[in-house]
Amino acid sequence: MLGEFEYLLLCAAARLGEDAYGAAIRQEIEISTRQRCSLGALYTTLDRLEAKGLIETWMGGATPQRGGRPKRMVRVTVNGRKAAAAFYTTVARASRGLAWQTSRLEVRS
Amino acid sequence: MNRILFWLVDSVSRCLEPNERDAVLGDFAESGNRPGRALRDLLGLIVRRRAALWGGWLLRTLLAIMIGAGVSFYFRNTIYALLASPMTRTLRTLRLPRLVYANPVDPFILYLKLSMMTGVFLASPFVSWQFWSLVSPCRYRHQFRHVCFFVTFTSALFLAGGFLAYKLALPAAPRFLLSSGSHMVTLNEWWDFAILAMVGVAVIFELPVLFWLVYLKRAE
């Protein structure tokens, strides 16, 4: 089963689609969690997910706003989508009937 | 201040693989991160990378030293006699009193210390092999030859440093330090100094290797 951060990363990458790369994924995670995302955690998790076959990464083109440096592009694989779906289903099933699920209690971080 | 931090970010980022370094520095440039945060993020990434890489290395190195120390402890009396002989000869020549111990557990502690030190020297070829494998993974045959050369060179320098301290510094030290007045030197005090001298000189003998490493890094 996926870890929490792995799931967040897969969600961010899937949402960004063709534009998923390091800085964009990091921003997406920071927006959705309202917390700082550590670059170390991001890049090591990308490696782990790639080793598990849940994402594919490759070096993309360089752009002027990146100082002419390439991006590490990310694509979620079919297995990655299945793993994320399984994680979501498990969390949803485990949360069924609980206070924070029924009353839609919002936890501010 | 910012210029210094940017310079630090650029220098520290050289610890990463070239592709990853480009991606990370590009991310910093695009996100417009302040250099302080960029440096913190970068250090976090490097620590994670190194921890994954060095975890096994550290364990194997410690294990090798412990095995060396175990073997040395088994031969502790022989090793003690061998290491103490130059110093006892000097004490006898200078007609100085023999070393004393103030605490009954001192000799045992001394054997442990000597075993650990000898363990480090015994394991030094393996430790340097581990170190060079980490610095330059042998993917190709010519790299393997380089690593073999460096392992031999590093170990030989380390052992030569220790041997030089044992042969020259240890007999000369009491002659120089205890030449005037009356003294009562305890066993542990003397051996703390002797171990520090042997390991210290051995480490100093590794300086050419350090310079060579810096040269290689700059030539990249």
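About the criteria used
- Residues numbered from 1 in each chain as written.
- Chains lettered and ligands numbered in written order.
- Predicted model: local features only at pLDDT ≥ 70, side-chain atom pairs only at ≥ 80, totals over all residues.
- Helix = DSSP H or I, 4+ residues; strand = E, 2+ residues; numbered from the N terminus.
- Buried ≥ 20, exposed ≤ 12 C-beta atoms within 10 Å, placed from the backbone.
- Contact = placed C-beta atoms within 7 Å.
- Nonpolar A, V, L, I, M, F, W, Y, C, P; charged D, E, K, R; others polar.
- Axes fitted to C-alpha atoms, helices over the stretch in contact; angles between N-to-C directions.
- Parallel < 35°, antiparallel > 145°, perpendicular 65-115°, else oblique.
- Left-handed = near helix turned anticlockwise from the far one by under 90°.
- Pairing = 2+ DSSP bridges.
- Expected span 1.5 Å × (residues − 1).
- Core = buried A, V, L, I, M, F, W, Y, C linked by C-beta atoms within 7 Å.
- pLDDT = per-residue confidence, 0-100.

Let's talk about the overall build of chain A
Then step 1. Helix and strand content of chain A: 5 helices and 2 strands.
Then step 2. Out of the 109 residues in chain A, the part that is buried amounts to 31%.
Then step 3. In chain A, 49% of the contacts between residues at least 6 apart in sequence involve partners at least 24 apart.

Some details on the overall build of chain B
Then step 1. In terms of helices and strands, chain B carries 8 helices and 0 strands.
Then step 2. Mapped in sequence order, the helices and strands of chain B form the string α-α-α-α-α-α-α-α.
Then step 3. Long-range pairs, those at least 24 residues apart, make up 86% of the contacts in chain B with a sequence separation of at least 6.

Looking at the environment of Pro35 of chain B
Then step 1. One can find Pro35 of chain B in helix H3 (residues 35-74).
Then step 2. Taking the C-alpha atoms as reference, Pro35 of chain B lies 6.5 Å from Asn2 of chain B; in sequence the two are 33 residues apart.

Things to note about the interface of chain A and chain B
Then step 1. In this complex, chain A contributes 15 residues to the contact, which on the side of chain B involves 16 residues.
Then step 2. Elements that contribute at least two residues to the side of chain A that touches chain B include exactly helix H2 (22-33), helix H3 (39-51) and strand E2 (69-76) of chain A.
Then step 3. Per-class residue counts for the side of chain A that touches chain B are 5 nonpolar, 6 polar and 4 charged.

Overview of the packing of helix H1 (residues 4-16) of chain A against helix H4 (residues 78-95) of chain A
Residue and element names in this part refer to chain A.
Then step 1. At their nearest, the axes of H1 and H4 sit 10 Å apart, and the two run at 125° to each other. Between H1 and H4, the angle is such that the two are oblique. Of the two elements, H1 crosses H4, and the hand of that crossing is left-handed. Of the residues in H4, those touching H1 at Tyr7, Leu10, Cys11 and Ala14 are Gly80, Arg81, Ala84 and Phe87.

Topic: the pairing of E2 of chain A
Strand residues, when the strand is regular, have side chains that alternate between the two faces of the sheet.
Residues and elements named next belong to chain A.
Then step 1. Here strand E1 (residues 55-63) pairs with E2 via 7 bridges, running antiparallel. What sits directly across from Ala62, in E2, is Pro70.
Then step 2. Two successive antiparallel strands, E1 and E2, enclose a turn made up of 5 residues, where Gly67 displays a positive phi of approximately 70°.

Looking at helix H2 (residues 18-31) of chain B
Then step 1. Under the 1.5 Å per step criterion, the end-to-end length of H2 of chain B is 20 Å for 14 residues, consistent within 8% with the ideal 20 Å.
Then step 2. Within H2 of chain B the residues assigned to the buried category are Asp22, Ala23, Val24, Gly26, Asp27 and Phe28 of chain B.
Then step 3. Elements in contact with the buried residues of H2 of chain B: H2, H3 and E2 of chain A together with H3 of chain B.
Then step 4. The first or second residue beyond H2 of chain B is Gly32 of chain B, which carries a positive phi of 65°.

Topic: the environment of Pro174 of chain B
Then step 1. Among the secondary structure elements, Pro174 of chain B is positioned in helix H6 (residues 141-177).
Then step 2. As a C-alpha pair, Pro174 of chain B and Trp190 of chain B span 16 residues in sequence and 9.4 Å in three-dimensional space.

Some thoughts on the nonpolar core
Then step 1. Counting residues in each nonpolar core, the largest one holds 31 residues, and the members touching the most others are Leu9, Ala13, Ile25, Ile55 and Val74 of chain A.
Then step 2. Excluding residues that lie within four positions of it along the chain, Ile55 of chain A makes contacts with Ala13, Leu46, Leu49, Glu50, Val74, Arg75, Val76, Thr77 and Gly80 of chain A.
Then step 3. One finds Phe121, Leu157, Ala165 and Leu170 of chain B within the second-largest nonpolar core, a separate group that totals 19 residues.

Considering H1 of chain A
All names here are of chain A.
Then step 1. If you check H1, its first and last C-alpha atoms are 19 Å apart, about what 13 residues at 1.5 Å a residue would give, namely 18 Å.
Then step 2. Within the sequence span of H1, burial applies to Glu6, Leu8, Leu9, Leu10, Ala12 and Ala13.
Then step 3. Taken together, the buried residues of H1 touch H2, H3, E1, E2 and H4.
Then step 4. At the C-terminal side of H1, Gly17 shows a positive phi close to 60°.

Considerations on the confidence of the model for chain B
Residue and element names in this part refer to chain B.
Then step 1. When pLDDT is averaged across chain B, the result is 82; 91% of the residues are at 70 or more.
Then step 2. By mean pLDDT, helix H8 (residues 207-219) is the weakest element of chain B at 78, and H2 is the strongest at 88.
Then step 3. Taken over the whole predicted complex, pTM reads 0.57, whereas the ipTM for its chain interfaces reads 0.81.

Structural notes on unusual backbone geometry
Then step 1. Positive phi values are uncommon outside glycine, yet Arg34 of chain A reaches one of about 55°.
Then step 2. Structurally, Arg34 of chain A can be placed in the loop between H2 and H3.

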